[in-house]
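# Structural description and commentary
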Amino acid sequence: MKVGVVGIGKMGHPIADRLITAGHEVAICNRSENAAVHALREKGAAVCASPAELATGSDFILTALPTEDTVREVYASMTEVAAAGQVYADHSTVSPALNRQCAEALAPRGAAFLDAPVSGGPAGASAGTLTVMVGGDEATFNRSLPVFEAFGAKIRLCGPVGAGQAIKLVNQYLVAVHTLAASEAAALATALGADLGTVQDVIGTSFGSSAMLLRNLPRFAARDFSPATPVDLIAKDLSIIHAEAAGAGVPLLLGGLVEQCYLQAKARGWAGEDMSALVQFWDRQVAALPLPDQAG
């Protein structure tokens with residue numbers, strides 16, 4: 001299939017790479033000519049000068065963009081050239097209302113839209129194991145499966161347009177809360193004299209475990225804050241989550257405290273670091289230890 005990918009960043013790059021490997025004819029577009037763009041060009045991707053140019057020559061158009069403003073801008077330009085039979089899918093994390101607006105704008109042109117946020121990070125995209133949470137109609141979803149299967153392992157139609165984003169926001173809320181909880185837990189474990197490797201081994205199969213605990217403990221121990229999921233990305237998601245919760249009349253009491261911690265992390269200069277950097281709030285309590293698989 002002719003598939004275009006707009007946004008060649010941490011997620012767009014491995015998604016496009018998987019699509020090329022799966023045999024699709026891939027076009028890409030990014031605001032800057034970064035190393036990822038050059039690498040994909042070398043693998044056979046066509047590089048387009050604008051989202052509109054990419055959309056004109058593609059049957060499926062995927063977007064992986066950093067902010068809601070960027071999503072509005074890109075879809076405004078692509079809607080002008082959208083054609084009947086095309087499918088647009090947004091992998092960005094935005095409000096359900098924004099993606100419904102994208103769908104409504106494309107509909108008069110005869111183009112279909114799916115909101116399709118993903119979870120699993122860049123590593124999951126590279127491995128083809130992403131969870132893809134899709135909102136839209138079933139016929140369009142079924143048409144899109146051969147594209148999503150290039151980089152996703154669990155691909156679920158969650159409901160109408162906006163339903164995928166609703167579930168992704170719940171996921172991001174838990175990611176933010178569990179990462180902060182894991183940071184505190186690591187500090188407590190160290191203060192009590194517990195070995196972080198043993199904590200991971202034992203709690204990893206206990207009720208207290210979470211994907212964020214298992215993901216972050218090795219990073220805490222190694223002080224590896226290289227950005228896979230940066231602090232500022234989670235802070236952006238929390239802002240959307242709280243706006244949606246306020247509109248729905250749901251008080252996120254724990255979420256308010258968690259958001260303040262992420263904003264404080266940004267204020268301390270950790271915005272571009274991985275969310276595991278939150279453990280630095282407790283650095284005096286969390287000693288640098290061997291990686292858990294090396295711990296005695």
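Here's what I pulled together on the structure shown here. The shown structure was predicted, so the numbers you read here are calculated from the model rather than taken from an experiment.

Turning to unusual backbone geometry, a few remarks are in order. Its identity as a non-glycine residue notwithstanding, R223 has a phi of 55°, on the positive side. Along the polypeptide, R223 turns up in the loop between α10 (211-222) and α11 (231-248).

Turning our eyes to something else, we now look at the layout of surface pockets. What the second largest pocket holds in volume is close to 250 Å³. In this structure, the second largest pocket is lined by P96, R100, A166, L169, V170, Y173, I241, E244, A245, A248, V250 and L252. Mapped by element, the contributors of at least two residues to the lining of the second largest pocket are α5 (96-106), α8 (163-191) and α11. Tallied by class, residues from the lining of the second largest pocket come to ten nonpolar, no polar and two charged.

Here we take up the packing of aromatic side chains. Counting across every chain of the model gives five aromatic pairs. Aromatic side chains Y75 and F113 sit 5.7 Å apart centroid to centroid with 80° between the ring planes, which places their arrangement in the edge-to-face category. Here Y75, found in helix α4 (residues 68-79), pairs with F113, found in strand β6 (residues 112-115); they are 38 residues apart in sequence, far enough to count as distant. Y75 sits in the buried class, given a relative accessible area of 3%. Using a relative accessible area of 5% as the deciding quantity, one classes F113 as buried. Pairwise contacts between aromatic rings join Y75, Y88 and F113 into one cluster.

Here we take up the pairing of strand β5 (residues 87-90). Both faces of β5 are covered, namely the face carrying V87 and A89 and the face carrying Y88 and D90. Relative to β5, strand β4 (residues 60-63) runs parallel, the two being bridged by four bridges. When the sheet's bridge partners are listed, I61 is paired in β5 with Y88. In this fold, β4 hands off to α4, which returns the chain to β5; that crossover is right-handed. Where β5 lies against β6, four bridges are found, and the strand directions are parallel. The residue bridging Y88 from the neighbouring strand is F113, located in β6.

In this section: the side chain of S92. Locating S92 in the fold gives a position in the loop between β5 and α5. According to the relative accessible area criterion, S92 is buried, its value standing at 2%. A polar contact of 2.6 Å, which involves the side chain of S92, links it to the side chain of D90. Excluding residues within four positions of it along the chain, S92 makes contact with T63, A64, L65, V71, P117 and Q165.

Rules behind the numbers
- Residues numbered from 1 in each chain as written.
- Predicted model: local features only at pLDDT ≥ 70, side-chain atom pairs only at ≥ 80, totals over all residues.
- Heavy atoms only, no water.
- Helix = DSSP H or I, 4+ residues; strand = E, 2+ residues; numbered from the N terminus.
- 1 Å grid on protein atoms, 1.4 Å probe; cavity = no way out; pocket = protein on both sides within 12 Å on 5 of 7 lines; lining within 4 Å.
- Points joined across faces, edges and corners; volume = space filled by probe spheres on them.
- Nonpolar A, V, L, I, M, F, W, Y, C, P; charged D, E, K, R; others polar.
- Phe/Tyr/Trp six-rings, centres within 6.5 Å; stacked < 30°, edge-to-face > 60°.
- Buried < 20%, exposed > 50% of the residue type's maximum accessible area, 1.4 Å probe, protein only.
- Pairing = 2+ DSSP bridges.
- Right-handed = clockwise from strand over helix to strand, strands pointing away.
- Polar contact = N/O pair within 3.5 Å; in protein donor to acceptor, adjacent residues only side chain to side chain.
- Contact = heavy atoms within 4.5 Å.

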